[in-house]
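So you can see what is in the structure, the chains are spelled out below.
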Amino acid sequence: MGRVVAFLGSINVGGNRIKMVDLVAALNDAGFEDVSTVAASGNVILPDLHDPAMLEMRLESVVQQRFGFKSCAMVRSADEIRSAILDNPFHGTGPQHGSDKMVHSIFLSQQPDPSAVDALIEEHRTKGSERLALGSNRVLFLDYVHGVGVSDLSNKLLERRLGCKGSARNMTSLKRILAKMEEPA
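Residues numbered from 1 in each chain as written. Predicted model: local features only at pLDDT ≥ 70, side-chain atom pairs only at ≥ 80, totals over all residues. Heavy atoms only, no water.

**Structural notes on the packing of aromatic side chains**
Summed over all chains, the structure comprises one aromatic pair. Judged by centre distance (4.5 Å) and plane angle (15°), the rings of phenylalanine 7 and phenylalanine 107 are stacked. Placement of phenylalanine 7 in strand 1 (residues 3-8) and of phenylalanine 107 in strand 5 (residues 103-108) is noted, with a sequence separation of 100 residues between them. Across the pair, exposure class does not vary: phenylalanine 7 and phenylalanine 107 are buried alike. (Phe/Tyr/Trp six-rings, centres within 6.5 Å; stacked < 30°, edge-to-face > 60°. Helix = DSSP H or I, 4+ residues; strand = E, 2+ residues; numbered from the N terminus. Buried < 20%, exposed > 50% of the residue type's maximum accessible area, 1.4 Å probe, protein only.)

**Describing the side chain of aspartate 143**
Assignment of secondary structure puts aspartate 143 in strand 7 (residues 139-143). A distance of 2.6 Å separates a polar atom in the side chain of aspartate 143 from a polar atom in the side chain of arginine 131. Within the local environment of aspartate 143, its side chain forms a polar contact with the backbone nitrogen of valine 145, the two atoms lying 2.9 Å apart. Not counting residues up to four positions away in its chain, the partners in contact with aspartate 143 are Phe90, Gly98, Met102, Val103, Glu130 and Arg131. (Polar contact = N/O pair within 3.5 Å; in protein donor to acceptor, adjacent residues only side chain to side chain. Contact = heavy atoms within 4.5 Å.)

**Considerations on helix 3 (residues 78-86)**
The complete set of buried residues in helix 3 reads Ala78, Glu80, Ile81, Ala84 and Ile85. Along the axis of helix 3, the buried positions cluster into a sector of 165°, meaning they face one direction only. Facing away from the buried surface of helix 3 by more than 90 degrees, the exposed residues are Asp79 and Leu86. Contact partners of the buried residues in helix 3: strand 1, strand 4 (73-77), strand 5, strand 7 and helix 6 (171-181). (Arc of directions from axis to C-beta.)

**Structural notes on the sheet that holds strand 7**
Read across the open sheet, the four strands follow the order 6-7-5-8; overall the sheet is antiparallel. Looking at which strands have only one partner, the edges of the open sheet turn out to be strand 6 (131-134) and strand 8 (166-170). Recorded for the sheet is a direction-independent mean angle of 20° between the axes of neighbouring strands. For strand 5 and strand 8, the ladder comprises five bridges, and the chain directions are antiparallel. Note on strand 8: the bridge partner recorded for isoleucine 106 is alanine 168. Against the sheet, helix 5 (residues 155-162) touches strand 5, strand 6, strand 7 and strand 8, its axis set at about 135° to strand 7. Contacting strand 5 and strand 8, helix 6 runs over the sheet at an angle of about 90° to strand 8. (Pairing = 2+ DSSP bridges. Axes fitted to C-alpha atoms, helices over the stretch in contact; angles between N-to-C directions.)

Next comes the structure, spelled out in structure tokens:
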């Protein structure tokens, strides 16, 4: 049996503080088994037993009921995580690639309209040095170049422009998550 990862958005940012041990306890109380986390940003690894859309709704419900705020959940398989690393055009080595901490894959609730992505890229072309590219399979690639904290491309702006929710992870985190997913059970 494989495992999936759920990226929970809004965890440990903007005042939404949750200890991962408390998140695991809440999920265990809700009937989930063999739950683990990676880092303190809402990366939950669990057995691949559920329909991904149903799992996303259940996870969002647990966070809302137990911790009192809305979170979005993006469930992905190990193959999808591997693809989000390997297909990211800004990840790699050489001067055309960014650092693992600055290069992100943003997991989206749906595949955005390519014209919305093109408009966002064109609009941002004169505003900053960040680079964007649309991937297949509900992922947006973003190289923040100088850091997330100095970028105008916030998660809220991206969600407004693309018309869907998203949760971003950098390459360093994705590599750790994939390694944990691939550990023997």
